[in-house]
Amino acid sequence: MITFSRVLFLLTIACMLSSCTPLAMRIKYNGRSFNKARTDKTLEKFLARNGYDHDFSFRFREDSLLALMQRPHKPGWKTDFRMMSVLCFDNRDSLIMNWTICEGFLDELCLLDTFPPRYNGPFFPTTLSMELDNYLDHGEAINRDRLPSFDVCFVVYWARFMGNLNRKSIKEVVEYRKRYPEKKILLMLVAIDRDRSWKNRF
């Protein structure tokens, strides 16, 4: 039997696959507001409770998230923010993969079938150091030098409001690390949930 919560789940996926616009951040799924403010402690508890493996957990700066909403995900795309995204950088800080749910599922695209992951550009010019400037660690800026050495570094956008929708993309990166134990694969989770100090409600 199709339940109301199931219908909302399918509606959420449809929004992400079709447009991924900020409007989706105002939909409610199972009673959880997509733009509800979350504290760092709340997000950390959610990660621990769900067993999401990671090396670092950061969150977006408000101004950086607003800026991302004003630019296309990739050259030639229309302007939209992609909430479910996975970025991968090599050990020279160069972006080699930038996936979003709007492109299809990671496993179906076979982006993680090789080491390093398959290139799926073109991309806008960026580096890992530039991306770190968009994030905060408990309200503090992140110094690139604090990161350990790595062969590749994954950055996964996630949100408390998406619940188990986060699980698939995070799990696939975790499984990827397990397939290459001889490689140094770093995993960062970056929350896009709104912080209580933010002025915008999106």
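Residues numbered from 1 in each chain as written. Predicted model: local features only at pLDDT ≥ 70, side-chain atom pairs only at ≥ 80, totals over all residues. Heavy atoms only, no water.

By the secondary structure assignment, N166 is in helix α6 (residues 165-179). You can call N166 buried: its relative accessible area is 1%. Between the alpha carbons of N166 and M84 there is a distance of 7.6 Å; along the sequence they are 82 residues apart. N166 has contacts with F46, Y52, W158 and A159, leaving out every residue within four places of it along the chain. (Helix = DSSP H or I, 4+ residues; strand = E, 2+ residues; numbered from the N terminus. Buried < 20%, exposed > 50% of the residue type's maximum accessible area, 1.4 Å probe, protein only. Contact = heavy atoms within 4.5 Å.)

In this section: the sheet that holds strand β5 (residues 95-100). Through backbone hydrogen bonds, the strands of a sheet pair up, either in parallel or in antiparallel fashion. What the 6 strands build is an open sheet, ordered β5-β4-β7-β8-β3-β6; its pairing is mixed. The sheet terminates laterally at β5 and β6 (135-136), the two strands that pair on one side only. Across 4 bridges, the pairing between strand β3 (residues 56-60) and strand β8 (residues 185-191) is parallel. In the strand pairing of β8, F58 is matched with V190. (Pairing = 2+ DSSP bridges.)

Among the nonpolar cores identified, the biggest contains 56 residues, and M97, L128, Y135, F154, V155, Y157 and M188 are the most heavily contacted of them. Once you skip the residues sitting within four places of it in the chain, M188 turns out to touch F56, F58, L128, L132, L147, C153, F154, V155 and V156. (Core = buried A, V, L, I, M, F, W, Y, C linked by side-chain atoms within 4.5 Å.)

Counted according to the given criterion, the structure contains 9 salt bridges. The salt bridge partner of D107 is K168, with a shortest N-O separation of 3.4 Å. With D107 in helix α4 (residues 106-109) and K168 in helix α6, the pair connects residues that are 61 residues apart, well separated along the chain. Of the residues examined, K168 reaches a relative accessible area of 38% and is grouped as partly exposed. A network of salt bridges, in which partner residues are shared, links D53, D55 and R177. (Salt bridge = Lys/Arg side-chain N within 4 Å of Asp/Glu carboxyl O.)

Moving on, we get to helix α3 (residues 62-69). E62, S64, L65, L68 and M69 are the residues of α3 that are buried. When α3 is viewed along its axis, its buried side chains cluster within an angular range of 165° and face the same direction. Packing partners of the buried residues in α3 comprise β3 and β7 (152-158). (Arc of directions from axis to C-beta.)

Next up on the list: the side chain of R59. By the element assignment, R59 lies in strand β3. At a separation of 2.8 Å, a polar atom in the side chain of R59 contacts the side chain of D40. Ignoring any residue separated from it by four or fewer positions in sequence, one finds R59 in contact with R38, T39, D40, L43, N134, Y135, L136, V190, A191, D193, R194 and D195. (Polar contact = N/O pair within 3.5 Å; in protein donor to acceptor, adjacent residues only side chain to side chain.)

What follows concerns the environment of L106. The residue L106 is located in helix α4 in this model. Residues L106 and V173, 67 residues apart in the sequence, show an inter-C-alpha distance of 9.6 Å. With residues near it in sequence (within four places) discarded, L106 still touches V86, M97, W99, L111, L112 and E172.

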